[in-house]
Structures are given as structure tokens and as C-alpha cells.
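Observations on the model geometry
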Amino acid sequence: MTNWKVILNIAKTHLLTKIKQTSTAALGVTFGIGAYITLVSFMTGLNGMLDDLILNQTPHVHIYNEIEPSKKQPIDIYDEFENSMNIVHSIKPKLTQKKIHNALPIINYLNENENVRGAIPQIKTQIFYITGSIEIGGNLIGINPLEEAKLFNMQDYIVKGSAGALHNTDNGILLGIGIAKKMSLDIGDRVQLSPINGGVFPLKIVGFYQSGIADLDAIQSFTNIKTVQRILGEAENYITDINVKLFNIDEAKPLSKKIEQQFNLTAIDINTANAQFQTGTTIRNLITYAVSITLLIVAGFGIYNILNMLIYEKMNDIAILKATGFSGKDVQMIFMSQAIIIGLVGGILGLLIGLFFTNIINTIPFQTEALPTVETFPINFNPWFYLIGISFAMISTFFAGYLPSKKAKKIDPVKIIRGQ
Amino acid sequence: MSIVLESRNINKYFKKPVLFHVLKDINFKINKGEFTSIMGKSGCGKSTLLYILSTMDTDYKGELLINNELITGDSRENLSYIRNKHIGFVFQFHYLLSEFSVLENVMLPAKKLGEKSLPEIKHDAMQKLKILDIDDLAKKRASQVSGGEKQRVAIARALINNPSIIMGDEPTGNLDSHNSDNVFNIFKQLSDEQGLSLLVVTHDEDFAKRTDRIIQMGDGKIIN
């Protein structure tokens, strides 16, 4: 028997005649939701950027040969001492080759796995950068520039030159920006490298690399796999590392376990390698949501207060409505619909304000050495935030309206009318 | 003569602050078209009785019949519907929704009832206002009309659903003699011309004397 048209009409009249209070309540929601959208978009944008900083460059599974002592020392195998306590002093790591045995077939095998987006080889080696009589220690990494750019967004960290240029230049090198500064080198110059086992190789600089981590940029450079193999005097199957990128990051742990068992290699998944980083992300998200929810709850109390006051003011109206045949439920619906209208209007305005502010923030310049690709503050324009925002606005106003409206439902008209 | 309202052995107690027997075995009938007034001293329970008869107060013992149907113990929803359809109210203080126009105030119970279309309701409301000679106030806000006019608007609102009975709780109590007369004449006219039943609680002896029947109350009982 609820006649919505009449109820909404009464609710509308109440709201419009008390436009000041209505807009105060709606503004509470607007600011709550607007701040939530701004905060959550900005914070997750920053989080996403920091995640990308690590995750884009980091392989989901990193496979290499770990230098470690044998788990079983010879004495453990000897039956005579089986039941005695053996102490071995000064254990040395086992002498193994740095290269991954049968690396190329393993790469092919991994690339056939349907979870794997790509598995690419790398060669890591220590070298010296030679300038005049000064030798600077450093790392040289042999890569497939094009695949590296495709899978690990390498291009984002090349501040001058390109991955393609490295691919096309036979004796090219992508020099870390720190070394380039130290040695006053520019694109087109030559830099001389010396591997640990001797010899000097001049390489042509085709670009600069800046990871954002200054210590790393002061030692690390990239070149083609073949160039490293030539410098080290190794064969074409000499590969020290395999980096795997997956479609789904959650597959990293099981896959790394499987690889360790299957190939007797060390395989580190991204979650293990960056555990503290993950913790940081989780805590930042937690703070974001805690602050947002606080804002929304405060807005909810604002609505609660204003509706409560409205109901005290409208005691006579409630009594008269009940006396002329409106049921308690009708009266409750009148006040509930007011709360929901306030929530909806305030919420939608809040979304617009949030969109407005995030767009402004998105144009504010933000340049830092650590993040070569970022020019403005990062914003995550995720439609889900807007959905959550409006849902929360509706839910909080629903509860803020529910309690006062329940009171209105229970008001005894006789008491009001006789009490005058 | 058909019976519009009947009270059978209605008893009511106030529990706070102390147990107090307000109404003692109230029995009476009101016939269709009768203009009845209830008189009595302050505190004798006449208003309490009226609110029980109006179905708003459900905390009583006994039986209440409207149009020969027992409504004691009905759900609140149903009582609301009965109030809406069968009972019209006029109070001492002219309870109007001050933010709505006069016309909207009159139309509201009919909109709630929802039996007629909006243009029909509007037409009816204008007609009722015309009967009460205040149709020129239709567009004014309820808060902007005078006291006597407000009471007439309240009467028009009470009439809108063509109720079986109109109840008044001191409807002239707050009006000067001119406006009191006016309201009485309107009631009388409605009773005579349209055969409307009226039950009015009043202090005003002149008012009561001119009605068809006076129910005299004292100490929670009907004296005659």
C-alpha cells in the first residue's frame, strides 16, 4: 500500500524547504566521497608506480646457478659414521660452473608453457670500466634488447638512445647513467671494458640507462648477449640467468618450485624476492582505506545528525501524517528517502569533485631522479573506486537515515497532538 | 438508521506515573448523520476517549466498531488505512503541513488513499475548498493563512476522502467567537446537507447545546 509518489513528493518538499540543512548534509557526503576518490586514486596511483618500479623490472621467476656448499658432505655418505656426530670445519662452496647447463633447451621448454609470457636469457658478469689509468668496477649484463624491452619495459629506463639501437649495433653498450657522468661520456663515444680474466674491449655507447637506484646506475651497463660471450670468450650456449615473466603473478611460486626440482637450479619467485616490498604496499593500502572509511563515517554522522534534527522539527508533521492515514512505515520511508536522496546527490557530486581533483593532481609536475619515466603525479583512474565510493555513500546514508527514521516511525501521534 | 461508530465496554488505564483508571466501561453508539458532542470537565477522559475512537490509541480494553466492523486488534497498517478512508480529523491546533500549499494539504490524504487520479483529487479538493469558501487560498502556503482559515483548511482536509465520520478535538477551542460560529455552521451544514456524522469533543457549552446530542462525561464515565 506504499504510495511512493506521495512519499517522494513529501520528502522532496521537506528537502527543498530546508535547502540549507539539506545541502550541508549533502556537502558532508560530497567532501567525504570526493576526498575518498582523490585519496584512493592518488595513493593507489603512487602505489602502482612504485609497484611498477620494482615489478616491471623484476622477473617473476629468476633462474640461476647458486654458489653454495654441497648439502651432503662426503662423510655423510660413508656408512661407517652413519650413527655418529660428524663435525666438518671450514666447508668450501662446491665448485660449479656459473653457466646454466642446457640453458637454451630450458628456455625453449619454458616458452612452450602456456602460463609463461616469455623466458629470456641473460649473462651477468663483472667487468672494469677503464678510463685512462683508472679502473672502475662494474657489472655488465648481456641481454636481448628487444625482448627485454617487450617483457620488462626496459625502454622506460633508457633515458637516451633506445633498445633498438643496442640491438642494431654489434659492439654497442647501454651505459649506466652514473658511470657516464663519472667518465664524462656521451652517445657515440667509446668506452673500454676489461673482463676479470684480462683483455680490453672498446664498445660504442648507444644509450644511457637509469633504473632510479643510483648505486645500481653507477655500476651497471647492458650490452648484447653475443657481445658478452665474445668478451668472456665463451660459446653461444653460455647463459648465466633466465628471467621468466608470467601472465599471472600468482603462478610464480609453484613454477619456481617446479623448476628447482626439475632442473636442479635455483629459482626465486618475485614474492620471495620482494617480500618487504609487498608488505609496504599492503600497509599503504591499509592506511588509504582506513583514512577513506573514517572520512565516510564522519560524513555519515553528519547526515545522522541533520536527519535527527529534521525529525524533531517535523514532529507535528509526523503526527498529522499519521493522523490522516499515513502508516508508521510510510513516515519511515519519507525520512529514509530523504537520507537516500542526500546520499545519492552528495555521492554523485563527490565523485565529480574527486574526478576534478584527481585530474588536477594528474597535471602537477612531479620529477624525480629515481623515476625517469614519471613527469606528473600518478593517478589511478579505476572505475571501481567510483563504484565503491557511490556504494559507500548510499550504504552510510542508508544507515544514517535508518535510525532517525525508525524513531519517526515509532512516534506516537496522540502524544504529540495532546502534548500541545 | 445505520451505526457509524460503536464503543463496547471500553476501558483504559494510564500506567504512568501511577495506575489510573481513565475510562470506565464506555458504551455508546453514533448513528449516521448524527452531530454529537462530548462534554466534560478537564481530565475526565474525553480526549483520551476520542483518540481511542480515532484508532490512533490502541492501548485499551473493550471493542471498537466502525461501520459495524470490529477494528480492535487490527494491524497498524490496517488502522492507518481505516483512518485514511473512514475518519476525518479536526484538531484544536490547526495541524497543517506548513511547507505545503493549502491545496496540497487538502489533497494529501486522498493521494495517500490512491483511489482516484490526480486530476480527480485536485477537482475534489477544490470543491471542498469551495464549500468552505476558501478556494481563493488554494495556492497559498499553509503557514501564510490566518488561524480561522487554517481550521477551515483542516476541515476541508478531513472531508477529502468522504469519510464516514469526522472527529474533532476542541476544533473551536483556539478560535474567537466569530470563527467558532463559522466552524460550527460549517459542521452543522455538512451534517444537515450531506448527512455527515460528526463527533466533537468540546468545552464550549454554546457549541455543544446546538448539536444533535450531547454525551456528558465525568470521571471516566458517561453520565448521560
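Described below are features of the structure shown in this document. (Residues numbered from 1 in each chain as written. Chains lettered and ligands numbered in written order. Predicted model: local features only at pLDDT ≥ 70, side-chain atom pairs only at ≥ 80, totals over all residues.)

1. Considering the overall build of chain A
Put simply, the rule reads: What counts as a helix is a DSSP run of H or I of at least four residues, what counts as a strand is a run of E of at least two, and both are numbered from the N terminus. Both definitions apply: the radius of gyration is a C-alpha atom measure, and the globule rule equals 2.2 Å times residues to the power 0.38. Field definition: a residue is buried when 20 or more other C-beta atoms are found within 10 Å of its C-beta, exposed when 12 or fewer are, and partly exposed for counts in between, with C-beta atoms placed from the backbone.
On a plain count of helices and strands, chain A comes out with 16 helices and ten strands. Here the C-alpha atoms of chain A give a radius of gyration of 33 Å, more than 25% beyond the 22 Å that 2.2 N^0.38 yields for 420 residues. With the C-alpha coordinates aligned to their principal axes, the bounding extent of chain A is approximately 105 × 65 × 40 Å. Considering chain A as a whole, with its 420 residues, one finds that 37% of them fall into the buried category.

2. Looking at the interface of chain B and chain A
Formally: Whether two residues are in contact depends on their C-beta atoms, placed from the backbone: they are in contact if these lie within 7 Å. Polar here means any residue other than Ala, Val, Leu, Ile, Met, Phe, Trp, Tyr, Cys and Pro, which are nonpolar, and Asp, Glu, Lys and Arg, which are charged; Gly is therefore polar.
Facing 23 residues of chain B, the contacting portion of chain A comprises 21 residues. Within the residue set of the side of chain B that touches chain A, elements represented by two or more residues are α1 (46-53), α2 (76-86) and α3 (102-113) of chain B. Residue composition of the side of chain B that touches chain A, grouped by class: eleven nonpolar, four polar and eight charged.

3. Some remarks on the sheet that holds strand β2 (residues 20-31) of chain B
All names here are of chain B. For the record, the criterion: What makes two strands pair is DSSP finding at least two bridges between them. With axes taken as lines fitted to C-alpha atoms, and helix axes fitted only over the stretch in contact, angles between N-to-C directions fall between 0 and 180 degrees.
Strand order across the open sheet formed by four strands is β2-β1-β4-β5, with antiparallel pairing between neighbours. Unpaired on one side and paired on the other, β2 and β5 (69-70) mark the two borders of the sheet. Pairing analysis gives two bridges linking strand β4 (residues 61-66) to β5, with the strands arranged antiparallel. Paired with Leu 65 across the two strands is Leu 70, which belongs to β5. Across the sheet, α1 touches β1 (3-14), β2 and β4, and the angle it forms with β1 is around 125°.

4. A closer look at helix α1 (residues 4-17) of chain A
In an α-helix, one full turn covers 3.6 residues, which means residues spaced three or four apart are oriented alike. Going by this rule: Between the first and last residue of a helix there are one fewer steps than residues, each counted as 1.5 Å, and that sum is the expected span.
Compared with an ideal rise of 1.5 Å per residue, which puts 14 residues at 20 Å, α1(A) spans 20 Å between its outermost C-alpha atoms and is within 8% of the ideal. Within the sequence span of α1(A), burial applies to Val6(A), Ile7(A), Ile10(A), Ala11(A), His14(A) and Leu15(A). On the buried face of α1(A), the contacting elements are α2 (19-55) and α14 (328-361) of chain A together with α3 of chain B.

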